[in-house]
Every structure is written in structure tokens, then in C-alpha cells.
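Structural characterization, general
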Amino acid sequence: LTPSQTAEQASALRAEQAALSEMLTRAETFATINALGDADADAAQVSRLFDKAIIGVYFAHPELLGYVTARSLDHVLATGMTPEAGLAFAWWSMILCMQDQHVLATSYARLACESYGRFGNGYYGGAATMVATAMALSWTRSYDANVADAASSFELLHQSGNAQFA
């Protein structure tokens, strides 16, 4: 997927991404995510690294966005929920929309928006709501609802100092 990869590495990466994607689109996986407890401090640190990797590949190597996001969500499944997980759910909802899986995309987007209520973290909760609204939920709701969510997420982002998304 990148110029420095061998054909074998690219093939292995595509196969791993396909397996992760298939796992994340199963109904039982989504049910498991909804039942997860909170991650410990070490797992939360790894989630922060995944968050930075996701935004990095979004701009530098968008062809890897699905892979890095799926790896992040695999980490969440293995270790528990973190505030950063909400933003990964939002990015995953965008990817599902691009795959024409709108019902599941909406479910992941709603889960992303709920992350603020769970953790009260405006930095990540505002970003999760902003991405989920723009990339997945906006197609399913009224203009007024989208503007209201955009305004409230902007306020959370501004108050928390998240200038990247604000």
C-alpha cells in the first residue's frame, strides 16, 4: 500500500485489513463493544497513540486509514473503552459509509457520539461527535439536528482546547 512495501507485505496488510473489517462488521462484535468496560491506564496510552496514528494516516497515507482504524478498534475490543475509542468509532463509521453499509455505520457513529457521555472528555467526545455527524449521521437526520450537533461539538472542542478539530 506504500511505495516502500514489498508485494508480500502489501498482500499481508490487505489480508489483515480484510479480516479485521469482516470481524468489525459482525453483529456480535458490535454487541461486544457495547458491553466493554473501561481500559486500564496502559491500554489508554496505546489508544492515544492509535488516535495520533489515525489522524496521521488520514493526511499522509489515506489508503491506510481503514487498516489503522480497524487495528485501533481491535485494541479496544482486547483492552476496553477509552475516550479516544469514540473518535475511532467515528472514523470507522465513515469507512462503513464508503462501503455502503449505512445501517452499521449509523450504529458506530451513534456509539462515537455516546463516548462523551461515558467519559465526559470534551477533547475526544467533541471530535467524535464532529466526525460522526459530518461523515455518517448527517445523511440520516435533519439539517437542524446536524447544525445543533456541530455547534455543540464545536463548543466542546473549543472549551477543551482541541484546536485540531475546532
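The rules behind the values
- Residues numbered from 1 in each chain as written.
- Predicted model: local features only at pLDDT ≥ 70, side-chain atom pairs only at ≥ 80, totals over all residues.
- Heavy atoms only, no water.
- Axes fitted to C-alpha atoms, helices over the stretch in contact; angles between N-to-C directions.
- Helix = DSSP H or I, 4+ residues; strand = E, 2+ residues; numbered from the N terminus.
- Parallel < 35°, antiparallel > 145°, perpendicular 65-115°, else oblique.
- Left-handed = near helix turned anticlockwise from the far one by under 90°.
- Contact = heavy atoms within 4.5 Å.
- Nonpolar A, V, L, I, M, F, W, Y, C, P; charged D, E, K, R; others polar.
- Salt bridge = Lys/Arg side-chain N within 4 Å of Asp/Glu carboxyl O.
- Buried < 20%, exposed > 50% of the residue type's maximum accessible area, 1.4 Å probe, protein only.
- Core = buried A, V, L, I, M, F, W, Y, C linked by side-chain atoms within 4.5 Å.
- Phe/Tyr/Trp six-rings, centres within 6.5 Å; stacked < 30°, edge-to-face > 60°.

Brief notes about the packing of helix α3 (residues 41–60) against helix α7 (residues 122–135)
Axes are the key here: two packed helices are described by the angle between their axes and the distance separating the axes. The contact between α3 and α7 brings their axes to 14 Å, and the two run at 40°. In terms of orientation, α3 and α7 fall into the oblique class. At the point where α3 passes α7, the crossing takes the left-handed sense. Counted together, Arg 48, Asp 51, Lys 52 and Tyr 58 of α3 and Tyr 123, Tyr 124 and Met 135 of α7 form the full contact between these two elements. Its residues assigned to classes, the contact of α3 with α7 comprises four nonpolar, no polar and three charged.

Focus on the pattern of salt bridges
All told, the structure shown has six salt bridges when counted by the stated rule. In this structure, Arg 118 engages Asp 38 in a salt bridge whose closest nitrogen and oxygen atoms are separated by 2.8 Å. Of this pair, Arg 118 sits in helix α6 (residues 102–119) while Asp 38 is found in the loop between α2 (27–34) and α3, placing the two residues 80 residues apart along the sequence. With relative accessibility at 35%, the residue Arg 118 sits in the partly exposed group. Lys 52 is the partner of Asp 51 in a salt bridge, and the nearest nitrogen-oxygen pair spans 3.5 Å.

Side note on the packing of α6 against α7
Two elements in contact, α6 and α7, have axes whose closest approach is 7 Å; the angle formed by their N-to-C orientations is 155°. It follows from the interaxial angle that α6 and α7 lie roughly antiparallel. Crossing of α6 against α7: the hand is left-handed. Along its contact with α6, which presents Ala 109, Ala 112, Cys 113, Ser 115 and Tyr 116, the element α7 presents Gly 122, Gly 125, Ala 128, Thr 129 and Ala 132. Across the contact of α6 with α7, the residue classes break down as six nonpolar, four polar and no charged.

Comments concerning the nonpolar core
Residues Leu 24, Leu 87, Phe 89, Trp 91, Trp 92, Tyr 108 and Phe 165 are the most contacted members of the largest nonpolar core, which totals 46 residues. Of all the elements in the fold, those that place two or more residues in this core are α1 (7–24), α2, α3, α4 (65–79), α5 (83–98), α6 and α7. When residues in this core are grouped by element, the largest group, eleven residues, is from α5.

Let's talk about the packing of aromatic side chains
Under the defined criterion, the tally for this structure stands at five aromatic pairs. Ring centres 6.0 Å apart and planes at 40° place the aromatic pair Phe 89 and Tyr 108 in the tilted group. Highlighted residues: Phe 89 in helix α5 and Tyr 108 in helix α6, separated in sequence by 19 residues. No difference in accessibility class separates Phe 89 from Tyr 108, as the two residues are buried. Between Tyr 123 and Tyr 124, the aromatic rings sit 5.0 Å apart at their centres with planes inclined by 70°, giving edge-to-face as the arrangement. We classify Tyr 124 as buried; its relative accessible area is 9%. A network of ring pairs unites the aromatic residues Phe 30, Phe 89 and Tyr 108 as a single cluster.

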